[in-house]
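Structural overview for review
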Amino acid sequence: MRLGALGAALLVGVAGCGTGGGGESIATKDTLVIGVAKDQPGLGLRKPDGTFAGFDVDVARYLAAHVENKPKKVVFKAVQSAERESLVRSGKVDLVISSYSITPERKTKVAFAGPYYVAHQDTLVRQSDTAIKNVRDLSGRRLCAVTGSVSWQRVTVERNVRAQLVRVPTYGDCLTKLTDNSLDAISTDDLILAGFAAQKGRAVRFVNAPISDERYGVGIKQSDVTGCEDVNKAITSMYLDGTAGKLLTRWFGTTGLHLTTTVPQFEGCG
Amino acid sequence: MTITAAPPSRPPARRGGVARAIRIRSLPGRIRAIAFLAVLAVAAVFAVAGLAVQDARDGLRVIGHDAGPQVVATGDLYFALSDMDAQLAAVLLMGRENLGAGRARALQVYDQRRSQAHRALLQGSNLAPDDPAEQQTARSILDALGRYEQLAGQALQLDQRQSHAAGPPSQEVGTLYGQATDLMKLDVLPKAYNLTLDNGTTVRRTYESKHSAVLAGRAWVLLVGAVLLIVLIGLQVYLAVHFRRLVNPVLALATVASLVLIAATVGLLTSEASHLRKAKDDGFDSVLSLSRARAISNNANADETRYLLQPSLADTYEQVYLDKSQEILYVPAGNLAIYYKQLDQRLAGRSFMGFLGVEAQHVTLPGQNAALDRTLRGYQGVQRDDGRIRSLATSVAGRHAAIALRMDTASRDFSTYDQALVSLTAIHQKAFTDAIRAGDDGLSGWNVGLPAAAIVIAVLVLAGVRPRLSEFR
């Protein structure tokens, strides 16, 4: 039956094409490793008992539980800003949900589902420092620059404001240095600042002059288009069933921030 | 005793048949068993071919007549909605001065876009016929649009009464516009855009499953068809040996007919798979990218107006403008000044990414290259205007000139770019429509032809063995 063998060979060949390359999709996994921040109060914070808490963490839990057809277990992994792209690309984490702004630069390395929220960049200064009224007043002042974060570039590169950069590894370090007078301002997403402001009470204040839209995306491998589409569907249902509104209110309701509770415009997969 | 006593099918048909054939001792019994096998193989060819044809039909329906056109419909909806807010911003910015095409014209376009959007939304079932979540989305867009129009109406009325020179309107009008544009940008437009993406997802997934199903079906037709031919030739040989006749003409006819049917089916499935691929790769993918590019371009263009209209948010509008520009055409640049420079440098060599970058790297259709060139030149023109507007707007003295430029030259240049984008899309749209029509045409008649051919072949097989069996009466 040589013809039969030919047919069988054809079948195998076709089946090979059908799976479409690019490795395993998160759609087929039972457990997802999700990268979150460990040092951002309100968004992603590791508690002394080792568990994580925050808006991003709750979003991660919801999305994993609502990925179409197949709810998943979640293992959280603390990630630093600078290592997010490489962790996604190497597959060490399946998704990154850690106030991860979608930027054209990053899109050349990873794909983004979402955004699941659009935050705005603002500036946090010491309560006593009344000279800083908008981003241009940061000229000549000491600005915190967290490695791997794009926020300080929005000030010094995009806005061309000549601030002196003080490089630190995390936003927690920024805050310490702000309160002990080693730097003058932290400029980053209002959701991140809100969490810190809540910790420090009246020692710090918002400048309240937003300079950008920060679209928080779910970082995922570029090859996993199906997984990205599934995450988008889950984000849509998170807004349709009211969960997004509840989570935003739970974590940021008392900060006085203006919260948007309608689904953001997605980036699109692939 | 007649040959037609052979039952057409039984559940464990083939194995049972083979087993019986092996045990059958009498010559007529064996002939009957082989003929039965042949008829069974005909039925199998019919079944696998029918399934593959159905897969092709389903693929063409979803991609060509369902989700595919909905991508265009939702893209048009987004454009209408986004342009409403762009026109509103323009009217409020020009105040009592008739800059560019003038206030009356802008209001007229606003009304046009509003009725386009309403028409599209009221036919919401066309946007999402089968998906309750998408229908819910279409309804909530309509609700939010109602609130938007109310705010826009109030802003327009108040602004006209207050009559101001070109520039930001009064604080009250600014607040009303702020609420209106937030509603549009944060609530209405994202939903419309996500509808387009949803339909794109449906098309992509349908294509992946149906295209490979058609090719798998083709392999099955080849496999089962080979079995049919082997059985028919085996029967021919068996008869020749036992009845000492060289050829059974009727059976030979059945064999030739089978060969023709198998070849035609394999040919059909090959061409259907290729029509699906062309519709997707040359047509749909580009239509989707370009309609997203158009949506984002229009919105970015409005951000340029809003940058002048709401000075307190100018920084944000400048940043989102850069973000959107890089989504449309990506060159590495941390700020707009570098972006303009990089754009000029890389445009000729076509070394850039983003929506237009992907299109520039996939030129397959006649006329596409020229249309792409016009689009890219148009885009460059738009960005040059943007640079001039922003450099004028940084000084108090230049603000009026910036607004005049925005309303006049920049607005015309944007239309040129937008029209080029529309013509480029039309080329891909035509490739899409042609491929879908070719696919539909190829399938026409197969609903009747396939079963008819199967019946004819089965009858020929039976008619071929019948005279030999009658010799045993």
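The rules behind these values
Residues numbered from 1 in each chain as written. Chains lettered and ligands numbered in written order. Predicted model: local features only at pLDDT ≥ 70, side-chain atom pairs only at ≥ 80, totals over all residues. Heavy atoms only, no water. Domains from an automatic or database assignment. Contact = heavy atoms within 4.5 Å. Salt bridge = Lys/Arg side-chain N within 4 Å of Asp/Glu carboxyl O. Polar contact = N/O pair within 3.5 Å; in protein donor to acceptor, adjacent residues only side chain to side chain. Helix = DSSP H or I, 4+ residues; strand = E, 2+ residues; numbered from the N terminus. Expected span 1.5 Å × (residues − 1). Buried < 20%, exposed > 50% of the residue type's maximum accessible area, 1.4 Å probe, protein only. Phe/Tyr/Trp six-rings, centres within 6.5 Å; stacked < 30°, edge-to-face > 60°. Lys NZ or Arg CZ within 6 Å of the ring centre and 35° of its normal.

**Considerations on the domain arrangement of chain A**
All names here are of chain A. Split into domains, chain A comes out as domain 1 (28–118 + 215–252) and domain 2 (120–213). Relative to domain 2, the C-alpha centre of domain 1 lies at a distance of 25 Å. In this complex, domain 1 contributes 17 residues to the contact, which on the side of domain 2 involves 17 residues. On inspection of domain 1 and its partner domain 2, the count reaches zero salt bridges. Counting the contacts that link domain 1 with domain 2 gives two residue pairs in polar contact (both at pLDDT 80 or more).

**Observations regarding helix α8 (residues 225–240) of chain A**
For α8 of chain A, spanning 16 residues, the distance from its first C-alpha to its last is 23 Å, which sits close to the expected 22 Å at 1.5 Å a residue. By the burial criterion, the buried members of α8 of chain A are V225, G227, C228, E229, D230, V231, N232, A234, I235, M238 and Y239 of chain A. As for α8 of chain A, its buried residues are in contact with α2 (55–66), β7 (111–126), β12 (212–220) and α9 (243–252) of chain A together with α6 (171–243) of chain B. Once α8 of chain A finishes, G242 of chain A follows within two positions and takes phi at roughly 85°, a positive value.

**Considerations on the packing of aromatic side chains**
Going through the model one piece at a time under the given rule, you end up with 10 aromatic pairs over all chains. Consider the rings of F55 of chain A and Y116 of chain A, whose centres lie 6.3 Å apart with planes at 40°: the pair is tilted. Of this pair, F55 of chain A sits in helix α2 while Y116 of chain A sits in strand β7, and the two are 61 residues apart along the sequence. A relative accessible area of 1% places F55 of chain A in the buried class. Owing to a relative accessible area of 0%, Y116 of chain A belongs among the buried residues under this scheme. Of note, R390 of chain B hangs over the ring of Y321 of chain B, and the distance from its end group to the ring centre comes to 4.5 Å.

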